[in-house]
Amino acid sequence: MPRSLKIYVTGVVTLSAFALVVATLVFDANPRIALGPSSLLGTSVAPPTSAEILMGVAFWITLTLIASALPVKLPMGTHQAVAMAPIIAAMALGGPAVAGWVAAIGTTEVREIRGRIPWYGSLVNHAGATLPAVLGGMVVLAIADPSPSTQGAFGLDLLATVAGSAVFFGLNTAIASGVLALRTGQTFGNVIGGDYRDTAFNNLALAPIGWLMALSYSILWWATLLFALPLYTTRMASARLVEMRDMFTQTIGALAEAVDKRDPYTARHSQNVKMISVDIGRVMRVNTAELEALEWGGLLHDVGKIGVPDHVLKKADRLTREERMIMNAHPVLGAQIIEPVAKLAAELPIIRHHHEWYNGSGYPDRLIGDEIPKLARILHVADAFEAMTAARPYRMTPLSAEQALAELRKFAGVQFDPVVVDAFVKTHHADGVADAGRPAEPRQIPLIAQAADRMTAASVESATAAPAERV
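Residues numbered from 1 in each chain as written. Predicted model: local features only at pLDDT ≥ 70, side-chain atom pairs only at ≥ 80, totals over all residues. Heavy atoms only, no water.

Caption draft 1: Fine view of the overall build of the protein. Within the protein, the regular secondary structure consists of 21 helices and two strands. Evaluated residue by residue, the protein yields a buried proportion of 52% over its 471 residues. Of the contacts made within the protein by residues no fewer than 6 positions apart, 71% connect residues no fewer than 24 positions apart. Total accessible area computed for the protein in this model is approximately 20900 Å², and 63% of it derives from carbon and sulfur atoms. (Helix = DSSP H or I, 4+ residues; strand = E, 2+ residues; numbered from the N terminus. Buried < 20%, exposed > 50% of the residue type's maximum accessible area, 1.4 Å probe, protein only. Contact = heavy atoms within 4.5 Å. Areas by Shrake-Rupley, 256 points an atom, 1.4 Å probe, with all protein chains shown as cover.)

Caption draft 2: Quick look at the packing of aromatic side chains. Evaluated as defined, the whole model comprises seven aromatic pairs. A ring pair is formed by F59 and W221, whose centres lie 5.6 Å apart and whose planes are at 85 degrees; its orientation type is edge-to-face. Of this pair, F59 sits in helix 2 (residues 50–67) while W221 sits in the loop between helix 10 (206–219) and helix 11 (228–260); the two residues are 162 residues apart in sequence, bridging distant segments of the chain. The exposure class of F59 is buried, given its relative accessible area of 13%. An aromatic cluster is defined as three or more aromatic residues linked by ring pairs; in this entry it consists of F59, W60, Y217 and W221. (Phe/Tyr/Trp six-rings, centres within 6.5 Å; stacked < 30°, edge-to-face > 60°.)

Caption draft 3: Summary view of the side chain of E347. Position of E347 relative to the elements: it lies in the loop between helix 16 (330–338) and helix 17 (348–353). Buried and unpaired, E347 has K343 as its nearest opposite-charge partner, separated by 8.1 Å. Not counting chain neighbours up to four residues away, the residues in contact with E347 comprise E292, A293, W296 and G297. (Lys, Arg positive; Asp, Glu negative; His and termini not counted. Salt bridge = Lys/Arg side-chain N within 4 Å of Asp/Glu carboxyl O.)

Caption draft 4: Here's a closer look at the packing of helix 12 (residues 269–283) against helix 18 (residues 374–388). Where helix 12 meets helix 18, the closest approach of the two axes is 8 Å, and the angle between their N-to-C directions is 130 degrees. Regarding the angle of helix 12 to helix 18, the classification is oblique. Considering only the axes of helix 12 and helix 18, their crossing is right-handed. Of the residues in helix 18, those in contact with H269, N272, V273, I276, S277, I280 and G281 of helix 12 are I378, L379, V381, A382, D383, F385 and E386. Of the residues contributing to the contact of helix 12 with helix 18, the split by class is eight nonpolar, four polar and two charged. (Axes fitted to C-alpha atoms, helices over the stretch in contact; angles between N-to-C directions. Parallel < 35°, antiparallel > 145°, perpendicular 65-115°, else oblique. Left-handed = near helix turned anticlockwise from the far one by under 90°. Nonpolar A, V, L, I, M, F, W, Y, C, P; charged D, E, K, R; others polar.)

Caption draft 5: Molecular detail of the packing of helix 2 against helix 4 (residues 96–106). Axis separation between helix 2 and helix 4 bottoms out at 8 Å; the angle between their running directions is 40 degrees. In terms of orientation, helix 2 lies oblique with respect to helix 4. Crossing hand, helix 2 versus helix 4: right-handed. Every residue of helix 4 that contacts helix 2 at V57, W60, I61, T64 and L65 is listed here: V98, W101, V102, I105 and G106.

Caption draft 6: Region of interest: helix 2. For helix 2, built from 18 residues, the straight-helix expectation of 26 Å at 1.5 Å per residue is met to within 8% by its first-to-last C-alpha distance of 26 Å. Burial in helix 2 covers these residues: I53, G56, V57, F59, W60, I61, L63, T64 and A67. As for helix 2, its buried residues are in contact with helix 3 (84–94), helix 4 and helix 10. (Expected span 1.5 Å × (residues − 1).)

Caption draft 7: Focus on the nonpolar core. Of all hydrophobic cores here, the largest spans 40 residues; its most connected members are I33, W60, V102, I209, M213 and L231. Elements with a contribution of two residues or more to this core: helix 2, helix 3, helix 4, helix 6 (119–143), helix 7 (152–184) and helix 10. Looking at this core element by element, the count peaks at nine residues for helix 3. Apart from residues no more than four positions distant in its own chain, M213 is found in contact with W60, L63, A85, P86, A89, T224, F227 and L231. Listed in part, the 27 residues of the second largest apolar core include L379, V381, A382 and F385. (Core = buried A, V, L, I, M, F, W, Y, C linked by side-chain atoms within 4.5 Å.)

Caption draft 8: Looking closely at the side chain of H354. With respect to the helices and strands, H354 occurs in the loop between helix 17 and helix 18. Only 2.8 Å separates the side chain of H354 from the backbone oxygen of I351, close enough to count as a polar contact. Not counting residues up to four positions away in its chain, the partners in contact with H354 are H301, D302, H330, P331, A376, L379, H380 and D383. (Polar contact = N/O pair within 3.5 Å; in protein donor to acceptor, adjacent residues only side chain to side chain.)

Caption draft 9: Region of interest: the confidence of the model for the protein. Summarising the model, the protein shows a mean pLDDT of 82, and 84% of its residues fall at 70 or more. Low pLDDT (under 50) marks residues 38–44, which in the prediction has 14 contacts with non-local residues, meaning those over four places away or in another chain. Across residues 434–469 the pLDDT falls below 50, and counting only partners more than four positions away or on other chains, this stretch makes 87 contacts in the model. (pLDDT = per-residue confidence, 0-100.)

Caption draft 10: Region of the structure containing the pattern of salt bridges. Counting across every chain of the model gives 12 salt bridges. A salt bridge links R32 to D157; the nearest nitrogen and oxygen atoms lie 3.6 Å apart. In this pair, R32 sits in the loop between helix 1 (3–26) and helix 2 while D157 sits in helix 7, placing the two residues 125 residues apart along the sequence. Relative accessible area serves as the criterion here: at 10%, R32 is assigned to the buried category. As a salt-bridge pair, D302 and K305 come within 3.6 Å of each other at their nearest N and O atoms. K305 matches D302 in its accessibility class, with the two residues each being buried. Overlapping salt bridges bring together R245, E292 and E295 as one network.

Caption draft 11: Region of interest: a nonpolar patch on the surface. Together, L15, F18, V21, V22, L25 and V26 give the surface a local cluster of nonpolar side chains, amounting to about 600 Å² of exposed area. Its place among the elements puts V21 in helix 1. (Patch = residues over 30% accessible without salt bridge, like charges linked within 9 Å, V, L, I, M, F, W, Y side chains within 5 Å.)

Caption draft 12: Examining the environment of A97 more closely. Among the secondary structure elements, A97 is positioned in helix 4. When the C-alpha atoms of A97 and M138 are compared, they prove to be 9.0 Å apart, with 41 residues separating the residues in sequence. In contact with A97, other than residues within four places in its own chain, are L20, A23, T24 and F27.

Caption draft 13: Spotlight on unusual backbone geometry. Following Y363, the chain continues into P364 via a peptide bond in cis, with omega recorded as 10 degrees. Note on placement: P364 falls in the loop between helix 17 and helix 18. The phi dihedral of R285 falls on the positive side, at around 55 degrees, and the residue is not glycine. Positionally, R285 belongs in the loop between helix 12 and helix 13 (288–300).

The following block contains the structure:
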């Protein structure tokens with residue numbers, strides 16, 4: 001475990017345990033949590049016994065255990081369940097201490113029992129729910145009427161529950177995202193943006209559901225069980241969002257693979273470009289939406305080659321001027337193919353401009369410098385490196401990683417954005433490459449120059465050689 005993660009986990013667990021102990025000693029359980037009649041609607045009843053209160057706490061722990069049983073794994077790696085609703089209900093009914101104990105025990109997952117989560121992961125998962133539950137319960141206690149007896153108090157009770165839920169959700173999200181960010185090396189913002197931007201509304205909708213569960217419990221405890229259906233529906237909505245994204249990505253990947261398989265030398269080219277692009281993006285700390293655009297844009301950047309005839313695409317000899325024009329049209333054709341898909345609007349600039357040169361001599365629009373979309377500049381570097389280190393029909397001997405990296409540096413500021421090249425050097429794809437800044441070893445026929453001679457437009461051929469323009 002990295003030292004930073006160890007310190008983080010230790011701090012969260014210690015703070016959570018301290019908060020739970022203090023809450024238990026300071027805050028008595030609200031009688032409303034007792035498993036039995038309540039005075040919420042003005043009904044006069046005898047004070048609940050300690051056994052009834054413990055039975056009520058056990059009831060909410062059981063519901064939370066059930067709600068935690070089937071978490072949904074989100075794209076960035078965090079897991080999300082609908083346990084927030086019963087924890088909120090326990091928070092509204094019993095106060096900070098009860099909410100803390102329900103969260104601490106009730107968030108036990110099947111994955112933990114089966115040993116699929118490391119011990120520190122289990123500790124921080126429970127702590128990440130317990131501390132927010134205690135603090136959220138304190139917010140509810142500060143706002144709500146401690147003994148609501150009229151319908152007019154319901155609005156204040158709901159407001160208090162929603163406010164406590166916001167504290168719970170925000171802090172729980174921050175703790176879970178912090179753990180994942182430290183464990184995987186992703187940025188904190190990307191984890192939150194990637195895992196919660198599409199599901200945040202579903203989670204916040206659990207607040208009024210939790211309040212209604214608490215209200216139903218106070219009137220007729222077993223009526224709370226009727227909320228199993230909306231909770232399951234909420235869980236399935238989150239699962240469907242993840243499944244739809246995965247299906248969309250798989251469909252894009254299948255299309256990219258179909259394009260790549262037209263030429264046996266480009267098998268998995270798009271997959272490799274996607275991985276390299278995303279890694280560069282992470283080094284450059286692009287946001288979550290941009291990482292997703294690099295992922296899908298990397299897969300689809302060569303989709304326009306569907307319109308390139310085989311005699312041009314697979315030709316091993318020098319391309320004629322007419323053949324170069326056909327090949328160089330594939331970025332525009334690819335953008336035209338993808339344009340009707342509204343979900344891929346962010347990927348269009350990547351697909352159209354991934355062959356633009358930093359000095360303005362690329363194609364199709366001869367953009368220069370920062371005029372080229374940042375993500376297209378990132379993909380250009382990834383595309384070139386992958387192509388240079390793989391065999392092609394016009395160049396059967398690929399470059400070594402060291403030679404390819406030297407070429408990227410040589411053409412930084414000419415063909416490639418120097419900032420992107422520097423970011424690529426920091427990825428694992430450049431690990432172990434010694435003296436990568438030196439020029440590539442002399443070759444009888446420069447391999448990079450061969451690629452440039454075949455792919456760049458006639459007006460560019462007299463300029464500098466281009467690394468792997470035919471990819």
